[in-house]
Amino acid sequence: MISVFQQHWQELLVGFGNTLLCSVIALFFSLIIGSTFAIFEVLPSRFLHILGRVYIEVFRNIPLLVIGMFFYAVVPQYVVSINGFTAGTIGLTLYTSAFIAETVRAGIQAVDEGQMEGARANGLTFMQAMWQIVLPQAFRYVIPPLGNQFINMVKNSSVLAFVAGFDLMYQGDLIASTTFDTFNTYIAVGILYLIITLPLSYYMRYLEKKMG
Amino acid sequence: MSSFAEAYTWINFRFLLEGLWVTVEVSLVSIILSFIIGSALGIVRYIRAPFISTIVGIIIDLTRNLPLLLLLFFTYFGLPKVGIRMDPLAAAISAMTVFESAMIAEIIRSGIQAVDTGQMEGARACGLTYWQALRVVVLPQALRKMIPPLVSQFISLIKDTSLATIIVLPELLYRAQIIYGQNTRYMIPMFVALAVMYFVVCYALSLVAARLEKTAG
């Protein structure tokens, strides 16, 4: 196993970097999209409410792999040519944004209603009250579950291997198929994943304990 | 639009449905196995027995923080190197069970911990043994809290069976790929069919769960 690291550290490093990069990009965009749909759900507009619900239910109930492969196989043929990394990251973003929307919505609803009412009574518009009063408080509640979503995202980014995304899993698979040392290579890849996910997972548990 | 009519022949449709059946089969077996194993591990972790709970905890945390895809690769491509060979079906079920057991153990443990400690103390004070209190007082209350996270975990599991396409398990996604591999015009119709089929199965489960939660709570 150590020899896998010694001989293939460059490929593994590229994969490690791509996995992190893809996860961070997907986190950024899925936070924006997810929060938007979460706000749709608490808005008084019935149309936006239904739109938010449909978006969340659709992306939550279809496998990430199907979404990713759609962007990898279908989109380049009919729309624009994108590479595997982009296709995978778009898929990961859309998929995760549905989960983040649910998390943020729960956070918004956990904020006392009096906060919104008080802000409105002080003359703020609905959107001002949402942005300045409710959301900042909601985000405090949702940091631990969001952290868990990020851990899931790092793990889920392994589907980039299906779409030639040059992530850690893909690189590991490449090494395994050239050296035939599947056993040790996958253990090495596993250790690299754990380096990202394990500390985060313990930190989130610590935060949960501290806040709960 | 004609590509839809061409793609949705009875033969193709039946071929997909057989795949859906494999998906459901693998999911059901994995759900049952991982629920049993996960509950046992979760309880072991909760009771804080010296040594064994720590070991179980470490194994759960390591497994939970790995991608399922990696476990699947390891089971199917890695384990034969040390003499453990499985066919795709057994490998898929094994990898999913190991991964999901760890996820479920964590749900069970945090569900039990969420029950107020006064419940356990009260039950003990009333003369129940530790095990009686756990089984009769704490677990039933915990189970109610666990239903939503357990169901989303089961839905994740159903979706994750699609990963087994890489080890040539003839499930839904694999069969759709075979069909559009013959003719790329079938690609969009196949993705639509995939999305609809997965959606129906997963959404139906979440509806059943919502009902269950109402009646149980």
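All figures in this text were calculated on a predicted structure; none of them were measured in a lab. (Residues numbered from 1 in each chain as written. Chains lettered and ligands numbered in written order. Predicted model: local features only at pLDDT ≥ 70, side-chain atom pairs only at ≥ 80, totals over all residues.)

**Remarks on the overall build of chain B**
Just so we agree on the cut-off: Segments assigned H or I by DSSP are reported as helices when at least four residues long, segments assigned E as strands when at least two residues long, and all are numbered from the N terminus. Three exposure classes are used. Buried residues have 20 or more other C-beta atoms within 10 Å of their own C-beta, exposed residues have 12 or fewer, and partly exposed residues fall in between, all C-beta atoms being placed from the backbone. By the criterion used throughout, residues are in contact when their C-beta atoms, derived from the backbone, lie within 7 Å.
Helix and strand counts for chain B come out as nine helices and zero strands. Counting from the amino terminus, chain B carries its helices and strands in the arrangement α-α-α-α-α-α-α-α-α. Expressed along its principal axes, the backbone C-alpha trace of chain B runs to roughly 70 × 45 × 20 Å. For chain B, buried positions account for 42% of its 217 residues. Here the contacts in chain B between residues at least 6 apart in sequence split such that 74% fall between residues at least 24 apart.

**Some details on the overall build of chain A**
Helices and strands together make up the secondary structure of chain A, namely eight helices and zero strands. Each principal axis of the C-alpha atoms in chain A carries an extent, and together these give about 70 × 45 × 25 Å. The proportion of buried residues among the 212 residues of chain A is 47%. Taking as baseline every contact in chain A between residues at least 6 positions apart, the subset at least 24 positions apart corresponds to 74%.

**Thoughts on the UniProt feature "transmembrane region" (unreviewed entry) in chain B**
Stated formally: UniProt positions are given in the numbering used here, feature names are shortened, and annotations may be inferred rather than shown by experiment.
Those residues carrying the UniProt feature "transmembrane region" (unreviewed entry) are residues 20-44, 51-77 and 186-210 of chain B in this numbering. For the annotated span residues 186-210 of chain B, helix accounts for 96% and strand for 0% of the residues, and the straight-line distance between the end C-alpha atoms is 36 Å.

**Observations concerning the UniProt feature "transmembrane region" (unreviewed entry) in chain A**
The residues that UniProt annotates with the feature "transmembrane region" (unreviewed entry) are residues 12-40, 61-79 and 183-203 of chain A. Helix and strand shares over residues 12-40 of chain A are 100% and 0% respectively, and the end C-alpha atoms of the span are 41 Å apart.

**So, the interface of chain A and chain B**
To keep things clear, this is the line we draw: As a working rule, the residues Ala, Val, Leu, Ile, Met, Phe, Trp, Tyr, Cys and Pro are called nonpolar, Asp, Glu, Lys and Arg charged, and the rest polar, with Gly in that last group.
Opposite the 30 residues of chain A that make contact, chain B presents 29 residues. Sorting the residues of the side of chain A that touches chain B by element identifies helix 2 (46-60), helix 3 (64-78), helix 6 (126-156), helix 7 (168-179) and helix 8 (182-211) of chain A as the ones contributing at least two each. Considering each element in turn, the side of chain A that touches chain B owes the most residues, 10 residues, to helix 8 of chain A. Counted by class, the side of chain A that touches chain B contains 20 nonpolar, seven polar and three charged residues.

**A word on the UniProt feature "domain: ABC transmembrane type-1" (unreviewed entry) in chain B**
Listed under "domain: ABC transmembrane type-1" (unreviewed entry) in the UniProt record, and renumbered for this structure, are residues 20-209 of chain B. Within residues 20-209 of chain B, the helical portion is 81% and the strand portion 0%, while the C-alpha atoms at the span's ends are 21 Å from each other.

**Considerations on the packing of helix 5 (residues 113-121) of chain A against helix 6 of chain A**
Residues and elements named next belong to chain A. Convention followed: To obtain each axis, a line is fitted to C-alpha atoms, and for helices this fit is confined to the stretch in contact; angles are then taken between N-to-C directions over 0 to 180 degrees. For classification, angles of less than 35 degrees are called roughly parallel, those exceeding 145 degrees roughly antiparallel, those between 65 and 115 degrees roughly perpendicular, and all remaining angles oblique. Less than a right angle of anticlockwise turn of the near helix away from the far helix marks a crossing as left-handed, whereas a clockwise turn marks it as right-handed.
As a packed pair, helix 5 and helix 6 sit with axes 10 Å apart at the nearest point and diverge in direction by 155°. One element, helix 5, and the other, helix 6, form an angle in the roughly antiparallel class. The interaxial crossing formed by helix 5 with helix 6 has right-handed handedness. Each of Gln115, Met116, Ala119 and Arg120 in helix 5 lies in contact with helix 6, whose residues at this interface are Ala129, Ile133, Val134 and Gln137. Residue composition of the contact of helix 5 with helix 6, by class: five nonpolar, two polar and one charged.

**Quick word on helix 4 (residues 68-78) of chain B**
Since there are 3.6 residues in each turn of an α-helix, residues three or four apart along the chain are aligned in direction. The element helix 4 of chain B is extensively covered by neighbouring structure, given that 11 of its 11 residues are classed as buried. Of the surrounding secondary structure, the elements contacted by the buried residues of helix 4 of chain B are helix 7 and helix 8 of chain A together with helix 5 (88-114) and helix 7 (130-160) of chain B.

**Examining the UniProt feature "domain: ABC transmembrane type-1" (unreviewed entry) in chain A**
The UniProt feature table records "domain: ABC transmembrane type-1" (unreviewed entry) at residues 16-204 of chain A. A distance of 22 Å separates the end C-alpha atoms of residues 16-204 of chain A, which is 84% helix and 0% strand.

**Some details on the environment of Ile191 of chain A**
Take Ile191 of chain A: it is sitting in helix 8. By the C-beta count within 10 Å, which is 16 here, Ile191 of chain A ends up partly exposed.

**Digging into the environment of Ser158 of chain A**
You can see Ser158 of chain A is positioned in the loop between helix 6 and helix 7. Each C-alpha atom, one on Ser158 of chain A and one on Thr19 of chain A, is 7.6 Å from the other, the two residues being 139 residues apart in sequence.

**Description of the confidence of the model for chain A**
Test applied: The predictor rates its confidence in each residue with pLDDT, a number between 0 and 100.
Overall, the prediction assigns chain A a mean pLDDT of 92, with 100% of residues at 70 or greater. The element-level mean pLDDT for chain A is lowest in helix 6 of chain A, coming to 89, with helix 4 (residues 84-110) of chain A highest at 94.

**Description of the packing of helix 6 of chain A against helix 8 of chain A**
Residues and elements named next belong to chain A. Helix 8 packs onto helix 6 with a crossing angle of 165° between their chain directions and a minimal axis gap of 9 Å. Viewed along their axes, helix 6 and helix 8 adopt a mutual orientation that is roughly antiparallel. Crossing of helix 6 against helix 8: the hand is left-handed. Judged by residue contacts, Ile143, Pro144, Gly147, Asn148, Phe150, Ile151, Val154 and Lys155 of helix 6 engage Ile196, Thr197, Leu200, Ser201, Met204, Leu207, Glu208 and Met211 from helix 8. In terms of residue class, the contact of helix 6 with helix 8 is made up of 10 nonpolar, four polar and two charged.

**What to know about the environment of Arg53 of chain A**
Tracing the backbone through its elements, the reader meets Arg53 of chain A in helix 2. Here the alpha-carbon distance between Arg53 of chain A and Pro144 of chain A, two residues 91 residues apart in the chain, equals 23 Å.

**Some details on unusual backbone geometry**
At Ala164 of chain A, a position not held by glycine, the phi torsion is positive, near 50°. Topologically, Ala164 of chain A is positioned in the loop between helix 6 and helix 7. Backbone geometry places Arg48 of chain B, a non-glycine residue, at a positive phi of 55°. Judged by local crowding, Arg48 of chain B falls into the exposed class, with 10 C-beta atoms found within 10 Å.

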